[in-house]
Every structure is written in structure tokens, then in C-alpha cells.
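A look at the structure
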Amino acid sequence: DNFESVRALCALPGLFVEVGGGIRDEERICRYLELGAGRVILGTVAVRDPGLVKAACKAFPGRVAVGIDAVDVQRLAVVLERTPAMRERCFTTTELVDAATGGDEIGHLGICFAAKEAVAKALGCGLGPVGFHDIELHRSESGAPALSLNGAAVPLAEAAGIASWLVSATHTDTVAQTVVIALDA
């Protein structure tokens, strides 16, 4: 564990510290937050132990962030070329229009797909209980990425106490990645 390093970083004035990686239980979450971390980020454990996510969100509202996914952009391009119907099946009209007008269509669709996976992980269910169109990545008025939930995703978010989301997305020629942060009501 890197508790001493986190303690030292948290002691620096004006530094907001987020801790992630290797966090597998509520005790570690509590310890990092007590040391002064502003937020704890849960990754793969969110998929392996959705109960921990729910417990952590309730115990530490607004201080637990979950949901990350990456997409192989070249693989996505091949799949969409081979199966054109995947576009409409996986992406909303808004996502398709944004991708077509944004300059890098496949990269944009990659971050949209990664957002769907990341949100589903944060909800603790993965894709399956929620459909592709139940999670939509779009641009806010400022141009920043934003999420809209529909269908089966709405009651899952309500049950987890999630009122809104923060989104960060990026892509290169090879990888599209999206991180989502679930915020409580």
C-alpha cells in the first residue's frame, strides 16, 4: 500500500489528490479518504464487486469515482466496416451525427462505445441489463462530453443514488478511452 505517499501528497497545499489502483475493499477506501484524498477511483473492482461500489458510494457520497473503458479504434473500424448495421445498433442518432461532423468519426465512435462500457461498469452491471441506446454520450452546450441515460439505465442509476456524471474522453489513432465519475444526488 502507498499510504505514506498519499499522506505526503495530501499534506501539500493546494493539491487535490485522487487515489486509484489496487483498491479492493472499503477499509482501504476509508483509509485513503482519512489521509486526505479528495476522491477514490475504483476501476476493475467495480466490475468484480459491484456491492463494494454501492457500499462505498453510500458511505462516502461524492468521493468515490468509478467507470473506465478503452476501445481498440482499429478493431472498431474493422467491425463497423464488416457489419454496417452495428452503427445503428450500438450508437444513437446524436452520437452518429456528432461522429460524422467531428473530424475523426471512428475515434469519436470509439469514445462513445467506451463511455457506454464505463457507465455500465459504474452501474455495476456491465452491458447486458442496459442497452447500447440506454447510454448516450453527447456534447454539452460548452462542447464538453456529457451523458444522458435512458431506458434500463435510469432505474439502475437511481438505485445506486447517482444523480449526474462527469465524463473525460480521449482518443488516438489506436485507442479511445472514456472515464466516468458517478456523482450522488
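Above: the structure in question.
The rules behind the values
- Residues numbered from 1 in each chain as written.
- Predicted model: local features only at pLDDT ≥ 70, side-chain atom pairs only at ≥ 80, totals over all residues.
- Heavy atoms only, no water.
- Helix = DSSP H or I, 4+ residues; strand = E, 2+ residues; numbered from the N terminus.
- Rg over C-alpha atoms; globule rule 2.2 N^0.38 Å.
- Buried < 20%, exposed > 50% of the residue type's maximum accessible area, 1.4 Å probe, protein only.
- Contact = heavy atoms within 4.5 Å.
- Areas by Shrake-Rupley, 256 points an atom, 1.4 Å probe, with all protein chains shown as cover.
- Lys, Arg positive; Asp, Glu negative; His and termini not counted.
- Charge placed at Lys NZ, Arg CZ, Asp CG, Glu CD.
- Salt bridge = Lys/Arg side-chain N within 4 Å of Asp/Glu carboxyl O.
- Phe/Tyr/Trp six-rings, centres within 6.5 Å; stacked < 30°, edge-to-face > 60°.

The helix and strand tally for the protein chain stands at nine helices and eight strands. Computed over C-alpha atoms, the radius of gyration of the protein chain comes to 17 Å, within 12% of the 16 Å expected from 2.2 N^0.38 for 185 residues, which places it in the range of a compact globule. Its C-alpha atoms give the protein chain principal-axis dimensions of about 50 × 35 × 30 Å. Within the protein chain, buried positions represent 40% of all 185 residues. Taking contacts inside the protein chain between residues at least 6 apart in sequence as the whole, the part at least 24 apart equals 52%. When the accessible surface of the protein chain is totalled, it reaches about 9,400 Å², and 53% of it is carbon and sulfur. Separation of charge centres in the protein chain, based on 16 positive and 23 negative side chains, amounts to 5 Å.

Next up on the list: the pattern of salt bridges. Throughout the structure, instances matching the rule amount to six salt bridges. The residue K121 makes a salt bridge to D69 at a minimum N-O spacing of 2.8 Å. Here D69 lies in strand β4 (residues 68–72) and K121 lies in helix α8 (residues 105–122), a separation of 52 residues in the sequence. In this structure D69 comes out as buried when scored by relative accessible area, which is 13%.

It is worth spelling out the packing of aromatic side chains at this point. Taken as a whole and judged by the stated rule, the model has three aromatic pairs. Taken together, a centroid distance of 4.8 Å and an interplanar angle of 45° make the contact between F3 and Y32 tilted. Placement of the pair is F3 in helix α1 (residues 3–11) and Y32 in helix α2 (residues 26–34), with a sequence separation of 29 residues. The class for Y32 is buried, based on a relative accessible area of 3%. Note on F113 and F132: the rings are 5.6 Å apart at their centroids and 35° apart in plane angle, and the pair reads as tilted.

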